[in-house]
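Residue-level listing of the chains:
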Amino acid sequence: MSRTPAAAMITGAACHSSAPGEHRSPSPSAPFRLIVTGGGTGGHTYPALTAIRTLQARLAASGRTLDVLWIGTAEGLEARVTGAEGIPFTTVATGKIRRHANPLKMVSPANVRDMARVPIGVAQARRAVSGFRPDVVLATGGYVAVPTGLAARMCRVPLVLHEQTVRLGLANRKLAGSAARIAVSSESTLPLLPESVRAAAVVTGNPVRPEVLTGHPDKAVTALGLHSFDRRLPTVYVTGGAQGSQQINDVVGGELPWLLERANVVHQCGPAHVEALSARAAGLPASLAARYHLTPFVGPELPDVLALADLVVSRSGAGTLAELTALGKPAVFVPLATAAGNEQAHNARHLEESGAAVALLGEVSGGQLREAVGPLLDDPERRATMAAAAGAHGRPDAAERLVDVILSAASR
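Residues numbered from 1 in each chain as written. Predicted model: local features only at pLDDT ≥ 70, side-chain atom pairs only at ≥ 80, totals over all residues. Heavy atoms only, no water.

Engineer: What is the right way to look at the packing of helix H2 (residues 42–61) against helix H3 (residues 77–85) in this model?
Structural biologist: Look at H2 against H3: their axes get within 9 Å of each other, and the N-to-C directions meet at 30°. Relative to H3, the element H2 is oriented roughly parallel. For H2 against H3, the interelement crossing comes out right-handed. Of H3, the residues touching H2 (which contributes Gly42, Thr45, Tyr46, Leu49 and Arg53) are Leu77, Glu78, Val81 and Glu85. Residue composition of the contact of H2 with H3, grouped by class: four nonpolar, two polar and three charged. (Axes fitted to C-alpha atoms, helices over the stretch in contact; angles between N-to-C directions. Helix = DSSP H or I, 4+ residues; strand = E, 2+ residues; numbered from the N terminus. Parallel < 35°, antiparallel > 145°, perpendicular 65-115°, else oblique. Left-handed = near helix turned anticlockwise from the far one by under 90°. Contact = heavy atoms within 4.5 Å. Nonpolar A, V, L, I, M, F, W, Y, C, P; charged D, E, K, R; others polar.)

Engineer: Is there a simple way to explain the pairing of strand E11 (residues 311–314) in this structure?
Structural biologist: Every regular strand shows the same layout, with side chains that alternate between the two sheet faces. Burial along E11 is two-sided: Leu311 and Val313 facing one way and Val312 and Ser314 facing the other are all buried. Where strand E8 (residues 235–239) and E11 come together, four bridges link them in parallel fashion. Its bridge partner lying in E11, Val236 is registered against Leu311. Looking at chain direction, E11 and strand E12 (residues 331–333) are connected through three bridges and run parallel. Bridge pairing in E12 links Ser314 to Phe333. Regarding the hand of the β-α-β motif, the stretch spanning E11, helix H14 (residues 318–327) and E12 is right-handed. (Buried < 20%, exposed > 50% of the residue type's maximum accessible area, 1.4 Å probe, protein only. Pairing = 2+ DSSP bridges. Right-handed = clockwise from strand over helix to strand, strands pointing away.)

Engineer: I tried to follow the side chain of Thr165 on my own but got confused; where do I start?
Structural biologist: Relative to the helices and strands, Thr165 is located in the loop between strand E5 (159–163) and helix H7 (170–175). A distance of 2.7 Å separates polar atoms of two side chains, one belonging to Thr165 and the other to Glu163. At a separation of 2.6 Å, a polar atom in the side chain of Thr165 contacts the main-chain carbonyl oxygen of Arg167. Sequence-distant contacts of Thr165, defined by excluding residues within four places in its chain, comprise Thr189, Ala318, Glu343 and Asn347. (Polar contact = N/O pair within 3.5 Å; in protein donor to acceptor, adjacent residues only side chain to side chain.)

See below:
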């Protein structure tokens, strides 16, 4: 799959460079040329998209334009996002490492087969980098970032890594030694980096879509028809991501009567879970049912729903953390246990340690949910203290900081 001119993708495999070991500085009036690589999930894709938009606006303010090529996989979210945004896109072969606690089991036929694809992907990425001649390559993680990051090193193009989680993901760990700059989302990441690359690291935060920061509670009431909510009570936003979370839906669904005695609830459950939760809600007394809004998906109204929410119950992916801390929202996190490298648990514990959230790990019971949520619903001051702690971790200007890093890498 490719949406770039064929000629740009088949230019010879040799890399273009001004001189051995030297990178050409972009002309002040020429278009800035950026290759973005990364994806597979929203956590890798949306920060890159936000960085592109922010860099484009920054350049436009000084009379310059931005040329972008995104290198990803046809199956990843990045293919759909770039198509919708009109961003030129091409693919390279990539291999996925299926991790296992037993190192011997990692030497599986599937892993061996996929690893054999990596050299092919590197050759394809090298042709793409050579043909496009970027000023910088930005890698945001995911397996597809590895071949393009290696190609950037071969072509002597500055490589900027961006890490969304507390610990470097596998792809960024592989590329760290080749990076001109490593942008991380938290100060707590710095001591976890190998000493050899710490000098290249800078804390930028995780870019948040600007529209997330501009919500208004009353717009959520109008958009979702929440006029039966009791605005004297706090509002809880429950979400498990676009597809919903069976775990969160089950534990919250089992505690609906208790929860609705104390709060209004907006519950984004995912399309596959609407029927079961609707059946639960049908048994609620009318006075409680009036405070419960069940929806499979929250779309453009998300900023307004977040503005309305006094407390969020959710997974703890990097994007969610970035948004909630930028907004200063207290949260109860139920990390996805199968997340790569257990990163969601690390994210949740990181905020819990500073009083910015509550982390419920492993199998979560209704009693544990009540124990976590109850004190926050009953005590506005406790919510305010947690909100302030969350806000201290937030970096609403993360996209601007990342653009600073990209531009500084280009001028090195």
